[in-house]
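Chain by chain, the residues:
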Amino acid sequence: MKRYMIAMLFIFGIFISSCDEIFEYSPYVIDFEDDEQNLTQKNISKLLSTKAPDTLVIALTGDSHRFYDEAEKLVNTLNQNFEIDFLIHTGDFADYGIPKQYQWSNSIFSKLHAPYFVVIGNHDLVSNGEDGYNEMFGNPNFSFIYHSIKFIFINTNSREYEFNGRVPDLNWLQNEINPGDEFEKVILVFHAPPFDADFDSDLEGDFMNILHSSDNVLFATHGHLHSFNFSEPYSDGIPFLNTASAEKNEFVLVKIYNNEFTFNVVSF
Amino acid sequence: MLSVFKHMISKRNVLIILLSVMVFNTYGKMNSFSDNKKLTWIKAIYPDHYKIQFAGGIGFVSGGLGYDFFKERVDITYFYGYVPEWYSKEDLHSVSLQLSGKPFRIELNNKLEYYPLNIGIFLHHTFGSEYYITLPDHYPEDYYWWSPGRTGGLFLEGQLNYQFKEPDHVFSEIGFYYRIVTRGVYLTSKISNTSIPIEDIFSLGLGIVIYY
């Protein structure tokens, strides 16, 4: 019988030594490592430490949900075959806002050689997902200027806040988008587009008015609908680019030169 | 009806019930008032065992009570679990209901018995409006199939019991168990994604069980 006990202890020992975090207290415990925290600011610092090139190259993806294998393939493809300045993820990074889903997705995107920026999606907000996002990335609304372009990331998932009238934060957007000396154009990034039922319909008109009055939006890019689409939904000169979900084995490669942009959809 | 149930399973009520049953049971055993025929129905609803568990996905520390069936081969335990604030961003209170089977039993000697491989399933509910079970009204029907307030999983367990042979001992047995736990959401993610490391979907729980 002693042999049983020794064998069990041995198996037990192997199990303990093979796991990073062997004890889980709840699926909702947020206990991220240092390299899983404050990532928006870290990626902005990483990006701004490089000199802006003549032609800016950005990869767009989104809605990765639980398509971890496809996301990994995307990251490998970008690392091996493309020279990008950074990647934009248009949200739904963690399928049900669960800390482990944040960690799994991040373990894949953190392998990208280039910086990556994630806007918050409705799925990222389920359960205590907003705390998870705050811990991993920082504030859901953020912006940075690179290549004379201001990139504005804004939380538009109104339904997750029961359409309380404060999401998207229009005052914040107005302040960010007001033309300034440091940038010539704006690229707006959000998850749910203003024409979607998950976007607060009471704020749709004001949201678009802000974009019109600033008159500097090069294009808006969003996710949520999973399929690639390029259109001008309000026939107002502001193009909307819906990124392809990673599950479609596609991403969008955008090139910006002299305040004009071109793009192509790349299969991987 | 559902709202009544929700009200009943408030954090405080669950804690009070759990604590009072434990005190009541111990008191009953000590005073042998279970011999009184009028109180046999109370005896019948006494839990057969109490558990205290560390980790295992249901709390930093969890206290449970439960029943044994088929000569301790089937175990049903109801746990209350707690994660303190200093460990996560907020403190978490939860309950879980567990069912396990113990197909193998090895008698090590006349006092020690070893269950090498118990197999169990559990349901887990975390308290708080963000961990809803039914989709709140501000969503269209079937917007999310996922209920953050209703998770569950599987575990494999090993258990070592020590039997007190003295007839007047308060406990009849005390056991130590360890379990390897996975959750449904982790398991399905692993099944559809080879990129997830296998060790990421498992975690460990340790516990002590007292049998009356």
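First, a word on what this report is: a plain description of the structure on this page. Every value quoted in this text rests on a predicted model; they were computed, and no experiment measured them.

Moving on, we get to the pattern of salt bridges. For side chains bearing opposite charge, pairing can occur when the charged atoms are close. This model, assessed by the stated rule, comprises six salt bridges over all chains. Between Glu-24 of chain A and Arg-183 of chain B there is a salt bridge, and its shortest N-O distance comes to 3.4 Å. Here Glu-24 of chain A is found in the loop between α1 (2-18) and α2 (39-48), whereas its partner Arg-183 of chain B is found in strand β8 (residues 173-183) on a different chain. Among the residues examined, Arg-183 of chain B registers a relative accessible area of 1% and is labelled buried. Residues Lys-51 of chain B and Asp-75 of chain B are paired through a salt bridge, measuring 2.9 Å at the closest nitrogen-oxygen approach. Within this pair, whereas Lys-51 of chain B is found in strand β1 (residues 49-55), its partner Asp-75 of chain B is found in strand β3 (residues 74-83), the two being separated by 24 residues in sequence. With relative accessibility at 1%, the residue Asp-75 of chain B sits in the buried group.

Listed per partner, the contact involves 50 residues of chain B and 44 residues of chain A. With both chains or domains summed, chain B and chain A bury close to 4200 Å², and 63% of this area falls on carbon and sulfur atoms. Linking chain B with chain A are one salt bridge. The tally of links between chain B and chain A comes to 24 residue pairs in polar contact (both at pLDDT 80 or more). Secondary structure elements with two or more residues in the side of chain B that touches chain A: β1, β6 (112-126), β7 (151-163), β8, α4 (184-192) and β9 (203-211) of chain B. Taken together, the residues of the side of chain B that touches chain A break down into 29 nonpolar, 15 polar and six charged.

All right, on to the pairing of β6 of chain B then. Residues and elements named next belong to chain B. For strand β4 (residues 92-101) and β6, the ladder comprises eight bridges, and the chain directions are antiparallel. For Leu-97, the partnering residue across the bridge sits in β6 and is Leu-123. In the sheet, strand β5 (residues 106-107) pairs with β6 via two bridges, with the strands oriented antiparallel. Bridged to Ile-106 within β6 is Tyr-114. Taking the residues between adjacent antiparallel strands as the criterion, β5 and β6 are bridged by four residues. As defined by bridge partners, β6 adjoins β7 across 11 bridges and the pair is classed as antiparallel.

Moving on: the sheet that holds strand β5 (residues 149-153) of chain A. Residue and element names in this part refer to chain A. Taken together, six strands build an open sheet; the order of strands is β4-β5-β6-β7-β9-β8 and the sheet is mixed. Two strands lie at the open edges of the sheet, namely β4 (142-146) and β8 (229-231), each paired on one side alone. Strand-to-strand twist across the sheet, computed as the mean angle between neighbouring axes with direction ignored, equals 15°. Note that β8 and strand β9 (residues 240-242) share three bridges and pair antiparallel. Considered in β9, the bridge of Ser-231 is made with Phe-240. In this fold helix α6 (residues 170-177) packs onto β4, β5, β6 (185-189) and β7 (217-222), with an angle of close to 170° to the strand it touches most, β5.

Here is what the cut-offs are and how they apply
- Residues numbered from 1 in each chain as written.
- Chains lettered and ligands numbered in written order.
- Predicted model: local features only at pLDDT ≥ 70, side-chain atom pairs only at ≥ 80, totals over all residues.
- Heavy atoms only, no water.
- Salt bridge = Lys/Arg side-chain N within 4 Å of Asp/Glu carboxyl O.
- Helix = DSSP H or I, 4+ residues; strand = E, 2+ residues; numbered from the N terminus.
- Buried < 20%, exposed > 50% of the residue type's maximum accessible area, 1.4 Å probe, protein only.
- Contact = heavy atoms within 4.5 Å.
- Buried area = accessible area lost by both parts, 1.4 Å probe.
- Polar contact = N/O pair within 3.5 Å; in protein donor to acceptor, adjacent residues only side chain to side chain.
- Nonpolar A, V, L, I, M, F, W, Y, C, P; charged D, E, K, R; others polar.
- Pairing = 2+ DSSP bridges.
- Axes fitted to C-alpha atoms, helices over the stretch in contact; angles between N-to-C directions.

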